[in-house]
Amino acid sequence: LSHAKVFISPLQAPYAEIFGLATIEAFACGTPVFSTDRGAAKELITPDTGVVFSEWEGLIDNFPQAVKIKAEDCRRQAERFGTSQMAKRYEELIEKAIEGSW
């Protein structure tokens, strides 16, 4: 995967994945992601890390954009979802829930 130019994540039946763990795994390898606009794609994929499509038309036309995306930007995006970061966010949410301040 780290040698791929782009990871294509269909996020549609029968490959529906709500969060997009495969997207984060691709980012961790430094690989940009092209995905349909389903699940968490819009929250995970930024213009610096890939392209989100409403439909697959235009995918090939946008492929040259993938080679402009830097592997470091993809890896940095993956780090946002590492175990220590996620644990910290969960802890913050739990504290807000307990305080009733959300």
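Our structure is the block above this text.
Residues take numbers from 1 onward in each chain, read along the sequence in its written order. A pLDDT threshold of at least 70 governs which residues receive local features in this predicted model, and a stricter bar of 80 or more applies before side-chain atom pairs are shown or counted, although totals over entire chains, interfaces and linings include all residues. Just so you know, side-chain values use all the structure's heavy atoms and leave hydrogens and water out.

1. Considerations on a nonpolar patch on the surface
Judged by side-chain polarity, Tyr 90, Leu 93, Ile 94 and Ile 98 come together as a nonpolar surface patch covering roughly 450 Å² of accessible area. Comment: elements are numbered from the N terminus, with helices defined as DSSP H or I runs of at least four residues and strands as E runs of at least two. Secondary-structure assignment places Ile 94 in helix 5 (residues 83-99). Here a patch means residues that are over 30% exposed by relative accessible area and free of salt bridges, tied together within 9 Å if like-charged and within 5 Å if nonpolar (Val, Leu, Ile, Met, Phe, Trp, Tyr). Only the protein chains shown count as cover for residues, and the accessible areas themselves come from Shrake-Rupley with a 1.4 Å probe. Only one rule defines a salt bridge in this text: a Lys or Arg side-chain nitrogen within 4 Å of an Asp or Glu carboxyl oxygen.

2. A closer look at the nonpolar core
Membership of the largest hydrophobic core comes to 13 residues, with the highest contact counts inside it found for Ile 24, Phe 27, Val 33, Leu 44 and Ile 45. Per element, the largest residue contribution to this core is 3 residues, and it comes from helix 1 (residues 21-28). Those residues in contact with Ile 45, other than ones at most four positions away along the chain, are Thr 23, Phe 27, Val 33, Ser 35, Gly 50, Val 51 and Val 52. What makes a nonpolar core is a set of buried Ala, Val, Leu, Ile, Met, Phe, Trp, Tyr and Cys residues whose side-chain atoms join them at distances within 4.5 Å. Note on exposure labels: buried denotes an accessible area under 20% of the residue type's maximum, exposed denotes more than 50%, and partly exposed covers the range between, all computed with a 1.4 Å probe on protein chains only. Core analysis: the next-biggest nonpolar cluster, separate from the first, contains 6 residues, Val 6, Phe 34, Val 51 and Leu 59 among them. By the convention used here, residues are in contact when the closest approach between their heavy atoms is within 4.5 Å.

3. Considering the pattern of salt bridges
Any two side chains of opposite charge can pair if their charged atoms end up close together. Counting across every chain of the model gives 2 salt bridges. Here Asp 73 ties to Arg 76 by a salt bridge, and the two come within 2.5 Å at their closest N and O atoms. Taken together, the positions of Asp 73 and Arg 76, both in helix 4 (residues 71-79) and 3 residues apart, correspond to about one turn of that helix.

4. Concerning the packing of aromatic side chains
Only the six-membered ring of Trp is used, alongside the rings of Phe and Tyr, when aromatic pairs are assigned; centres must lie within 6.5 Å, and planes under 30 degrees apart are stacked while those over 60 apart are edge-to-face, with the rest tilted. Enumeration according to the criterion identifies 3 aromatic pairs in this entry. Here Phe 19 and Phe 81 contribute two aromatic rings whose centre-to-centre distance is 5.7 Å and whose plane-to-plane angle is 65°, an arrangement assigned as edge-to-face. Within this pair, whereas Phe 19 is found in the loop between strand 1 (7-9) and helix 1, its partner Phe 81 is found in the loop between helix 4 and helix 5, the two being separated by 62 residues in sequence. When its relative accessible area of 37% is taken as the criterion, Phe 19 is described as partly exposed. Put simply, the rings of Phe 34, Phe 53 and Phe 63 pair up and form one aromatic cluster.

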